[in-house]
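Spelled out, the chains give:
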Amino acid sequence: MENSDRIRNLPPYLFAEIDKMIAKAKSKGKDVISFGIGDPDLPTPDNIVNKMIESVKDPSTHSYPSYEGLYNYRKAVADWYQDNYEVDLDPDKEVVSLIGSKEGIAHLPFCYINPGDLALVPDPGYPVYKTAVLLAGGEPVMMPLLEENDFLPDLDKISKETADKAKLLYINYPNNPTGAVASEEFYKKIIEFARQHDIIIAHDAAYSEIGLAGYNPPSFIQFEGAKEVGIEFNSLSKPFNMTGWRVGWAVGNEDVIEALGRIKTNIDSGIFEAVQYAGIEALKNSKENIARMNEIYTRRRDLLTKGLNDLGWKIKANKASFYIWAKVPQGYSAADFSTYVFENTGIFFTPGNGYGEYGEGYVRIALTVKEERIKEALQRLKDSKIEF
């Protein structure tokens, strides 16, 4: 049996490989402290769980769900945007439900990319942007995210020829893996860039609610002209500690939403309605929990940043997301340093090159670890004399 070209050219998924490596170490009795995959360690709030239990017991949820998502779920998403960003959305035309934002991000290129078409993709970035373009037969053109540019793509460095040929442009703020945030000036500039070159912007806002020390990240969709040129993906996974529930959405340009919805109706059968009812509960009644969660992440960020800086790192406190993007010591590659730390301490940091060429020289450290384990990790690093 011979695999198709698209599968042969597809690399193993980074986080699946990380899972295997950590599971193997644990099976041998190693006490692993993983700062790897960004999976919240905090439980889903009780009110959401209770709504799920109630909904599962209702036989009316046991049938096939609607393809585009329950109207009440899409209305809850629209209301959430109005409450948070003062954005008006039509639940029927400008909102589509997703089985987690990842599947929508992965399906979007199939709506617009023909073989050989270009898509602009951030590097470092969530691996799905690039692989989705490749699976659709397109050519990803990488946009370097560099520290000197505050980890924002330099739109002025993209040639007119490339920009005119590109059909999609992925961005993601608050950013994974760098933790960077984008300004109002940047959003306005990229909207104008998209308008000039007839490009669809796909903004991944999965960390929109993870604002630290009082910072409130903006939404791409709140800026004038955004709905003319693109859409925004989001998910209940990170803000509501619901990574396993697989429920999210896309909002924005009604033509793009319609195309994405058309792909989905031919591929999947929608989200279990009980999960959608739980999602409605999350969107309507979880502001206090998000505030508590962000206080916890802020304390963890401060504890870990100070501890690593005491060991010689020079890490700036990130404003949003639950990631620290840290340079590795001189003389190490990202993978070599990650392996060295893991073998000597049982602590896992994700090597930055897993997010692209421009992630080399960094590791990503997730704040999804309890404070006592952060303290334990810092002590292990100190005892092993792993310093910057």
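Residues numbered from 1 in each chain as written. Predicted model: local features only at pLDDT ≥ 70, side-chain atom pairs only at ≥ 80, totals over all residues. Heavy atoms only, no water.

**Student:** Residue-level account of the overall build of the chain, with values.
**Tutor:** Of the regular secondary structure elements, the chain holds 14 helices and 12 strands. For a compact globule of 388 residues, the expected C-alpha radius of gyration is about 21 Å, and the chain comes in at 21 Å, within 12% of that figure. Principal-axis analysis of the C-alpha atoms gives the chain an extent of 60 × 55 × 50 Å. Burial statistics for the chain: of 388 residues in total, 55% are counted as buried. Counted over contacts in the chain with a minimum sequence separation of 6, partners at least 24 positions apart contribute 76%. (Helix = DSSP H or I, 4+ residues; strand = E, 2+ residues; numbered from the N terminus. Rg over C-alpha atoms; globule rule 2.2 N^0.38 Å. Buried < 20%, exposed > 50% of the residue type's maximum accessible area, 1.4 Å probe, protein only. Contact = heavy atoms within 4.5 Å.)

**Student:** Run through the pattern of salt bridges, naming residues and quoting values.
**Tutor:** Under the definition given, this model contains 25 salt bridges. Put simply, Glu68 and Arg74 hold a salt bridge, and the shortest N to O gap is 3.9 Å. Members of the salt-bridge network, linked through shared partners, are Asp31, Arg373, Glu376 and Arg380. (Salt bridge = Lys/Arg side-chain N within 4 Å of Asp/Glu carboxyl O.)

**Student:** Tell me about the packing of aromatic side chains, residues and numbers included.
**Tutor:** If you walk through the whole model with that rule in mind, you get 23 aromatic pairs. Judged by centre distance (5.5 Å) and plane angle (90°), the ring pair of Tyr207 and Phe322 falls under edge-to-face. A residue pair is termed long-range when its members are at least 10 positions apart, and Tyr207 in the loop between strand 6 (200-204) and helix 9 (226-229) and Phe322 in the loop between helix 12 (287-310) and strand 9 (323-327) qualify at 115 residues. Per residue, the accessibility class of Tyr207 equals that of Phe322, and both read buried. Consider the rings of Trp313 and Phe337, whose centres lie 6.2 Å apart with planes at 55°: the pair is tilted. (Phe/Tyr/Trp six-rings, centres within 6.5 Å; stacked < 30°, edge-to-face > 60°.)

**Student:** Which residues make up the environment of Val229, and what are the values?
**Tutor:** For Val229, the location among the structural elements is in helix 9. Residue classification places Val229 among the buried positions, given a relative accessible area of 9%. Ignoring sequence-local partners within four residues, the contact set of Val229 consists of Ile191, Ala194, Arg195, Ile199, Ile200, Ile201 and Phe220.

**Student:** So what about the nonpolar core? Which residues, and what values?
**Tutor:** Phe35 and Tyr81 are the most contacted members of the largest nonpolar core, which totals 91 residues. With seven residues, helix 4 (residues 71-85) is the single largest residue contributor to this core. Residue contributions to this core reach at least three from each of two domains, namely domain 1 (5-43 + 288-384) and domain 2 (46-285). Residues contacting Phe35, with those up to four places away along its chain left out, are Leu304, Ile347, Phe348, Phe349, Thr350, Arg364, Ile365, Ala366, Val369, Ile374 and Ala377. Ile113, Tyr126, Tyr129 and Val133 belong to the second largest nonpolar core, which has 22 residues in total. (Core = buried A, V, L, I, M, F, W, Y, C linked by side-chain atoms within 4.5 Å. Domains from an automatic or database assignment.)

**Student:** Tell me what's going on with the side chain of Thr243, and back it up with residues and numbers.
**Tutor:** Along the chain, Thr243 falls in the loop between strand 7 (230-235) and strand 8 (248-252). Thr243 has contacts with Asp39, Pro40, Ser237 and Lys238, leaving out every residue within four places of it along the chain.

**Student:** Can you break down unusual backbone geometry residue by residue, with the values?
**Tutor:** The amide bond that connects Tyr173 to the next residue, Pro174, takes the cis arrangement and shows omega of -5°. Note that the residue after Asn176, namely Pro177, is joined by a cis bond; omega there is 20°. Locating Pro177 in the fold gives a position in the loop between strand 5 (166-172) and helix 8 (184-197). Phi is positive for Asp198, which is not a glycine, with a value near 55°. Counting through the fold element by element, Asp198 comes out in the loop between helix 8 and strand 6. Positioned with a positive phi, Ser321 is a non-glycine residue whose angle comes to about 70°. Residue position: Ser321 is located in the loop between helix 12 and strand 9.

**Student:** Tell me about the UniProt feature "modified residue: N6-(pyridoxal phosphate)lysine" (unreviewed entry) in the chain, and name the residues and values.
**Tutor:** What UniProt calls "modified residue: N6-(pyridoxal phosphate)lysine" (unreviewed entry) maps, in this numbering, to Lys238. Residue position: Lys238 is located in the loop between strand 7 and strand 8. In this structure Lys238 touches Gly38, Pro40, Ala206, Tyr207, Ile210, Thr243, Met293, Phe322 and Tyr323, once residues within four positions along its chain are discounted. At a separation of 2.8 Å, a polar atom in the side chain of Lys238 contacts the side chain of Tyr207. (UniProt positions renumbered as here; feature names shortened; annotations may be inferred. Polar contact = N/O pair within 3.5 Å; in protein donor to acceptor, adjacent residues only side chain to side chain.)

**Student:** Kindly report on the domain arrangement of the chain, identifying the contributing residues and their values.
**Tutor:** When the domains of the chain are assigned, the result is domain 1 (5-43 + 288-384) and domain 2 (46-285). Distance from the C-alpha centre of domain 1 to the C-alpha centre of domain 2: 25 Å. The interface of domain 1 with domain 2 comprises 33 residues on the first partner and 34 residues on the second. Between domain 1 and domain 2 we count one salt bridge in total. The interface formed by domain 1 and domain 2 contains 15 residue pairs in polar contact (both at pLDDT 80 or more).

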